Structure formats: C-alpha cells, structure tokens
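# Secondary and tertiary structure notes
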Amino acid sequence: MKKHGSLLFKSLILGVILIWTSPVILNATTREFQVKAAFIYNFARLVKWPKGTFIDPDAPMSFCVFGKDPFGPLLDALAKETIRGRQITVKRVKDIKETSCHVLYISKSVEEERIEQVFRELPPFGVLTIGERHSFGPLGGHIHFMMEANKVRFHVNLYAAEKDGFKISSKLLRIARVVNTEPFEKK
Amino acid sequence: MLFFRNISIQQKLMRIIMLTSGILLVLVCIVFLTYEIFTFRDAMRDKLSSLASIIGINVASTLLFDDRETAEETLSALRGEPHVISAFLYKKDGQVFAKYFHESADKDVLPPPLQDDTHTFFDGKLLLFQPITFQNEQLGTIGIESSMEALDARIEQYGVIAVTIMFVSFLIAFLLSFQLQRIISEPILHLAKTMKKISTRNDYSLRMVPGDQDEVGFLIAGFNQMLNQIQKRDEKLKEHWDHLEEQVDLRTKELTTVNQQMQSEIKERKRIEQNLQNSNEELVTANEKLKSTQSQLVQSAKLASIGELATGIAHELNQPLTYIRNSTQLLLMDNADDLDAEEVFETLQQVEQATDRMMSIINHLRSFARESDIQHRPVQLCQVLENSLILLNEQLKNRNIRLEKKIDPQLPQVLGNSQQLEQVFINMLSNARDALDGREDPQIVIQVKVLAQDDGSQQVMICFIDNGAGIPSSYLEKIFDPFFSTKEEGKGTGLGLSISYGIIQDHQGEIHVSSTEGEGTTFEIILPVQ
C-alpha cells in the first residue's frame, strides 16, 4: 500500500486546507475542478493505451490542457504522480500538431467547430480525449464530464475509445453514467 | 472404587466394558464436535473472506470516483447471502462510505470501528475486515458481519446424530459384553462354585473341568493338582496315624525298660556314695588320729631335746649359782663392822641379777616345754633367735665355739609360731654344735637376710653355717626322713630334722641343706613375710 498517498487523498487534504484558509478562492468551481483533476488521473489509471503509443517503458505520460485552463495549479499537482511507472507531465497546448499528448483535456471555452478541427489534427490513435460539452461524445470525444446533483459524473464513448485502440476497465465503465457502445448518428 | 466392590465378577466385567466404551464414545464425540466447530469456523471465515474480496474488487472504483450510490448498489448484491447481516465500506480515513443491512437486521446499529485485516468471532457472529486495494494502493476497507446461526444449527444436528450413535453403540456394547464376558467369568465362576462345594463338604475328591490354555485354565489345572496332593496327603496322614499308635506303644515299652534300668543304676550309685561317705569319715578319723600322734611326736621330740639340753642347762645355771655363792660367802666372811653398806648393796644387786638370770632360764625352759598352740602370730625373728641361744649360749662357750651373727637390722615380722620356730633354731644350733665336736677353730655363723621377690612380696632367709665335719653326700637325701640319724644309739631321736622340716612346711617355708664333707654344712631356711 502506498504511503505517499494518491492524488485523490492529497487533493482532499489540499481541499480541506483551502476550505479552512481561503474561502474566497475555494468556491464551488474550485471544488468541482479539484474533483475533475482527480478523475482525470483515475481515468488514466483505468485506461490501457494501444501498443506502440509510448516509445519506451519509462517514457513519461503527458497531460495536455487545450483552451482556457480552469484548473489553475490543481492539475500541476499531478506532475508528482506516476502511472504504471510513468512520470506525469502537465502541458498547456495551443497547437496540437506541434506537441504529443497522451491525455488531452479540452475545456468548455473551446467551440464545437474548433473541437472538430482539433480531432482532425490529432494522430489516429493514442490520445485520450476528455471534454466538458454534451456534444463532446457525439463529436467523437472519448470521455466527457457532467454534473448530477452537484456531483461530478461522466460519460464514456466506448465505441470511439475502442475504435481508437483504447481498452477501458470495467471498473471505470461501472461508474460511468452513460456508456455509448454504438456510433452516434451523424447530424 | 466403591462402584466395583461387593459385586460378582460378571457384573464387574460388564461395568468395566460399559464404562470404558462409554467414556471412549463420549470422548470421540467431543473430539469430533470440536473439530467440526473449528473446521466450520475456518470454512465460514474463508467463505466470508472470498466474498469480501469479490465485493472489494467491485467497489474499488466507486471509492476512486467517490460514487456512493454505485457502492451501495454493489453491496446490495450481498442479499444473495442470507447469513450476511451487514456490510460496511470504509474510506481510508475510517469514515463509512457505504453500508448494507440484511432485511432482517437492525438498521440503526452503528457500524463497528475500522480495523485492519482481521476477523473476530463474537456473540454468535463473525466480523471480518479486508482492505480494498487498487494498483498497490489501499483505497479503503470492507467490513462484513455474518451470523453464525448455521453453526448452531449444525451443532444441534450433530448432537442429535451423536446421541443416536452413542445410544446404538452402547446397546451393541452391552449385548456384546454380556455375551463376551462369559469367556472370562464362566471358568472363574465354575472355580468359585467348586471351591465352595469342597470347603462345605470337605470332599477333596472333587475335580474341576479343565479350562482353556489361559491363566484361568492354568489356575484350574493348578487347583486340581493341589487337590490331588491334598487327597494323597490325607491318605498318607491316615496311614501314619494308624502306624503312630503302634510306634507309640513300642516306644513306651522301651522307655519303661530304660527307666527301670536307670532306677536300679541310681540305687547302685547311692549305695556307692554311702560307702564313700563311710570311708571318708574313717579317713577323717584316721587323719585326726594322725594329727594327735604327730603332735604327741612333736612334744616327745621336744621333751627329748630338753633332756638333751639338761646338761647345757645345768651349765647355764651353774655360772650364776657360783657367782651367788661366792658373793654371799665373801659377805659372810667380812666382819659385820667392816661391812660397807654401799658394797653390800652392790653385791646384793649382783646377786639379784644372777637370780633373775636363773629365773629367766627356768621360766623359758618351762614355757618351751609347754605344749604350744598352733596359732600363727606376728613374730620377731631376732627375739626368737635370742631365746634359742638362752639355752645354748653356755654350752657353745664351754666348747670354745665362736658364734657370729650377721642379722639384717630392718628385719620384718614373720607370721608364725615362736615356740615352734625356736624349736627349729635350737635343732639347727645343736646339730651344728655336735658337728663341731673335736674340730679346730669351730665356729657357727647365723645369717639373716631379707629377700625381695619379683612379685613384690618379701622372704626372710636364715642360714646356719658351720665349719664342722660335713655330711656325706649319700646321706643328704635322707637327712629329713624321720628316724634317720648318724649319731650313736641313744644320743638322738632321729626326729629333729624331720620335725623341723614339718614345722617349716607349716609356715609355708622351705628348708634346704648343702654340705661338703670335711669343710662344713649350711642349712638354709626361707620364710615368707606376710
């Protein structure tokens, strides 16, 4: 059992500290993104990347944020963690083509058209896409968040993920509120 | 062991078998029941543990994504396990994340505090905790509480079976032991019955039926053999009894004969004893006669020596008598006027002395002649020697015999009779006197010495040594024999030395003689000092 706790645990402690020390900063939004950062980390733990994604076994795993960053320092805290021995790196990207990402978070600020464009620019496999919009799934995104009774929940577009070579653990699927196994109908 | 006392061997055997098998059965049942309980508990724990693992795997992600609804939904799958009363899902910090209660369970019960990987049995329940891990990270813990009612039911079932088995086995054991105990008890009972018969009827001709080749069989065989021996002995005894009377008669007759013989022997002995006593009395009388004869003999010897001494005595008396006559004549011749009173007194004194001397001689002679008693008293030997010289002094002077006395000044007293000893000394001196007759320069030496003995006692030795004619060696042996004399007929009695010998013997002393012909004779008398 790992003594140096998981992100979840650490972020919880961090959250508690923030609640006590800085009520101005720690509003509902901060809390929401705290949970989302932990979720992103857990998604990465429960997803298997297709073979050939990583150059070597020790290669780091990069978490990229596209669009306006809602996390602030919360996501950067993940840089200390590892997933299956891989160090996590956190980047903010403007141009998809220039950087290689393993997890790509597209914030709410990014328009649907722009999202479609980003998807087209992405390499054919090996990038797990996480979004905020309801249309993120139908657009071809893999996982997107939603709120349910003030709790953060998520949808999984299993069809798209499997098509892109990912294997998603049943543990993750059990928690997901909606799992799409069929391709979305084109509008 | 009162339980086994005073009952027949049959019952003892039965009780032993029943008790042994009963205790064994109970023990076996207890062992099996205990084993069953432990096995059941282990099985229950294993089952619950694997259940917890499955649930743990299923709820791991709900902890990851903080999804309580899904967690409780997953826990509700435990409905399929009716023995599970409740289940709790704890977060890492111990907070309860999700719960599950069975329909029948009390839903207000507080969840038990979080524990590590343990299981506890309490209150008929099993509470098991198991950590939930994901990728080597502990996400939380699951606690499951299970009822143990199944175990109780199982024990109850087991008890019923055990009691049934015990009852049946006990019955079988009873029937079997009832049949089998006969193998041992029957020969023993037979033995006991026969024993009783023999002892009541006193009939040793009875025999037992031989048994198996076991200890009881040997016992029976031994018993039969013993009975044989007793019977034989009885017969022999009877035979002996009959024979004994005959033998007693015979022995009695023998004894009577011996008795008679002994009686006659005793009579004979008595008679001999009587004879012996008579002869003893005769002997005593003879002895007495002998004694009186002897004393008469001594007396006559004494008187004889007095007779012999008479001449000497006459000489002794003559000297003072002459002196008295001369003195008185001298006085008578002087004129009365010329008489000097002092001179007269002196003369009279001398006359008195002379008469005193004569009186002492006569007195001594008289006392010597008197028959003496035989009692022994302490005696001063010097005195005795002087006394013996009173009667002989003048004779020795007349014959020009020189007398020399060498007497130890510290002479102890001797126990004895002074008269008898004086008689001996006179005898010695007169013998010496006679031996010196016609010899040149005749002399007698009297030597008295004390001899110390090795044992501390003392002896006195008196020697009379003369330088006379001596005694021929052929006579030396006979010299102490009575009536042996070398003197002329009529001069001696021949008893002097033999009587001296007797007197010294009476004093427990010794007398010896040694002599060389022509040179002299020495008599040596030794007397003990008491």
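Preceding this paragraph is the structure being described.
Throughout, a residue's number is its position along its own chain's written sequence, starting from 1. Chains and ligands are labelled by the order in which they are written, letters from A for the one and numbers from 1 for the other. For this predicted model, a pLDDT threshold of at least 70 governs which residues receive local features, and a threshold of 80 or more governs which side-chain atom pairs are given and counted, while totals over whole chains, interfaces and linings are taken from all residues. Side-chain measures were taken over the full set of non-hydrogen atoms in the model, leaving aside hydrogen atoms and water.

### What about the overall build of chain B?
- Labels follow the DSSP assignment, with helices taken as runs of H or I lasting at least four residues and strands as runs of E lasting at least two, numbered in each case from the N terminus. When helices and strands are tallied, chain B shows 10 helices and 12 strands.
- Taking 2.2 N^0.38 as the reference for a compact globule, 530 residues should give roughly 24 Å; the C-alpha atoms of chain B span a radius of gyration of 73 Å, well beyond that estimate.
- Taking the principal axes of the C-alpha coordinates as reference, chain B spans close to 205 × 85 × 50 Å.
- Residue-level accessible areas treat just the shown protein chains as cover; the underlying method is Shrake-Rupley with a 1.4 Å probe. Of the roughly 34000 Å² that chain B leaves accessible, carbon and sulfur atoms contribute 55%. Two things to know: the radius of gyration comes from C-alpha atoms, and the globule rule equals 2.2 Å times the number of residues to the power 0.38.

### Quick word on the sheet that holds strand β6 (residues 128–131) of chain A
All names here are of chain A.
- Across the sheet, which stays open at both edges, the 8 strands sit in the order β3-β4-β2-β5-β6-β7-β8-β10 with mixed pairing between neighbours. Edge positions in the open sheet fall to β3 (82–83) and β10 (178–180), since each of these has one partner strand only.
- Relative to strand β8 (residues 151–157), strand β7 (residues 143–148) runs antiparallel, the two being bridged by 6 bridges. If you follow His144 over to β8, its bridge partner there is His155.
- Across the sheet, helix α2 (residues 28–46) touches β2 (61–66), β3, β4 (86–93), β5 (103–106), β6, β7 and β8, and the angle it forms with β8 is around 35°. Only when DSSP finds a minimum of two bridges between them are two strands counted as paired. Contacts are assigned to residue pairs with any non-hydrogen atoms lying within 4.5 Å of each other. Axes here refer to lines fitted to C-alpha atoms; in helices the fit is confined to the stretch in contact. Angles between the N-to-C directions go from 0 to 180 degrees.

### Considering the packing of aromatic side chains
- Here is the rule: rings of Phe, Tyr and Trp (six-membered ring for Trp) pair when centre to centre is within 6.5 Å. Planes less than 30 degrees apart are stacked, more than 60 are edge-to-face, and the remainder are tilted. If you walk through the whole model with that rule in mind, you get 19 aromatic pairs over all chains.
- When the ring of Phe39(A) is compared with that of Phe145(A), the centres are 6.4 Å apart and the planes differ by 45°; the resulting orientation is tilted. Separated by 106 residues along the polypeptide, Phe39(A) in helix α2 and Phe145(A) in strand β7 bring together distant segments of the chain.
- Members of the aromatic cluster, joined through ring pairs, are Phe39(A), Phe43(A), Phe145(A), Phe154(A) and Phe65(B).
- Put simply, a charge is over a ring when the Lys NZ or the Arg CZ is close to the ring centre, within 6 Å, and near the line of the ring normal, within 35 degrees. The lysine or arginine in question, Arg86(A), covers the ring of Phe54(A), its NZ or CZ lying 3.9 Å from the ring centre.
- One residue, Arg41(B), lies across the ring of Phe121(B), its end atom 4.3 Å from the ring centre.

### Some details on the interface of chain A and chain B
- Across the boundary between the two partners, chain A contributes 18 residues, which contact 20 residues of chain B.
- Note on terms: buried area is the combined drop in 1.4 Å-probe accessible area of two parts once they are placed together, counting the loss on both. For the pairing of chain A and chain B, the buried interface totals around 1900 Å² over both sides, and the portion due to carbon and sulfur atoms is 55%.
- In what follows, salt bridge is the name for a side-chain nitrogen of Lys or Arg lying within 4 Å of a carboxyl oxygen of Asp or Glu. At the junction of chain A and chain B, the tally comes to 4 salt bridges.
- Between Asp67(B) and Arg177(A) there is a salt bridge, with its nearest N and O atoms 3.5 Å apart.

### Remarks on the pattern of salt bridges
Residue and element names in this part refer to chain B.
- Tallying each qualifying case throughout the model produces 18 salt bridges over all chains.
- With a closest N to O distance of 3.9 Å, Arg251 and Glu254 form a salt bridge. A residue pair is termed a helical-turn pair when its members lie 3 or 4 positions apart in one helix, as Arg251 and Glu254 do in helix α4 (residues 215–333) at 3 residues.
- A relative accessible area of 44% places Glu254 in the partly exposed class.
- Asp441 is the salt-bridge partner of Arg402, the closest N and O atoms lying 4.0 Å from each other. Of this pair, Arg402 sits in strand β7 (residues 402–407) while Asp441 sits in the loop between α8 (418–435) and β9 (443–452), and the two are 39 residues apart along the sequence.
- Residue classification places Asp441 among the exposed residues on the basis of a relative accessible area of 51%. The rule is simple: take the accessible area with a 1.4 Å probe, protein chains only, and divide by the maximum for that residue type; under 20% is buried, over 50% is exposed, in between is partly exposed.

### Observations concerning the pairing of strand β5 (residues 137–147) of chain B
Residue and element names in this part refer to chain B.
- In terms of residue burial, β5 counts as a mostly covered element, since 11 of its 11 residues are buried.
- For strand β4 (residues 125–134) and β5, the ladder comprises 10 bridges, and the chain directions are antiparallel. Bridge assignment links Phe134 to a residue of β5, and that residue is Glu137.
- Taking the residues between adjacent antiparallel strands as the criterion, β4 and β5 are bridged by 2 residues, where Gln135 takes a positive phi near 45°.

### Observations regarding the state of the cysteines
- Disulfides are defined as pairs of cysteine sulfur atoms found within 2.5 Å of each other. Scanning the model with the defined rule gives 1 disulfide over all chains in all.
- Bridging Cys64(A) to Cys101(A), the disulfide has an S-S length of 1.9 Å. Classification of the bridge connecting Cys64(A) and Cys101(A) rests on its S-S torsion, roughly -100°, and on that basis the disulfide is left-handed. Placement of the pair is Cys64(A) in strand β2 and Cys101(A) in the loop between β4 and β5, with a sequence separation of 37 residues. Here Cys64(A) and Cys101(A) have matching classes, each one buried.
- Lacking any disulfide linkage, Cys382(B) is separated from the closest cysteine sulfur, that of Cys463(B), by 15 Å.

### Digging into the environment of Ile324(B)
Residues and elements named next belong to chain B.
- Looking at where Ile324 falls in the secondary structure, it is placed in helix α4.
- When the C-alpha atoms of Ile324 and Gln505 are compared, they prove to be 44 Å apart, with 181 residues separating the residues in sequence.
- Every residue in contact with Ile324, bar those within four places of it in the chain, is listed here: Val351, Ala354, Thr355 and Met358.

### Here we look at the sheet that holds strand β11 (residues 510–516) of chain B
All names here are of chain B.
- Here 5 strands make up an open sheet; going across it, the order is β7-β9-β10-β12-β11 and the pairing mixed. Of all strands in the sheet, those bounded by a partner on one side alone are β7 and β11. In this sheet, adjacent strand axes meet at a mean angle of 15° when their direction is disregarded.
- Here 7 bridges tie β11 to strand β12 (residues 520–529), and the two strands are oriented antiparallel to one another.

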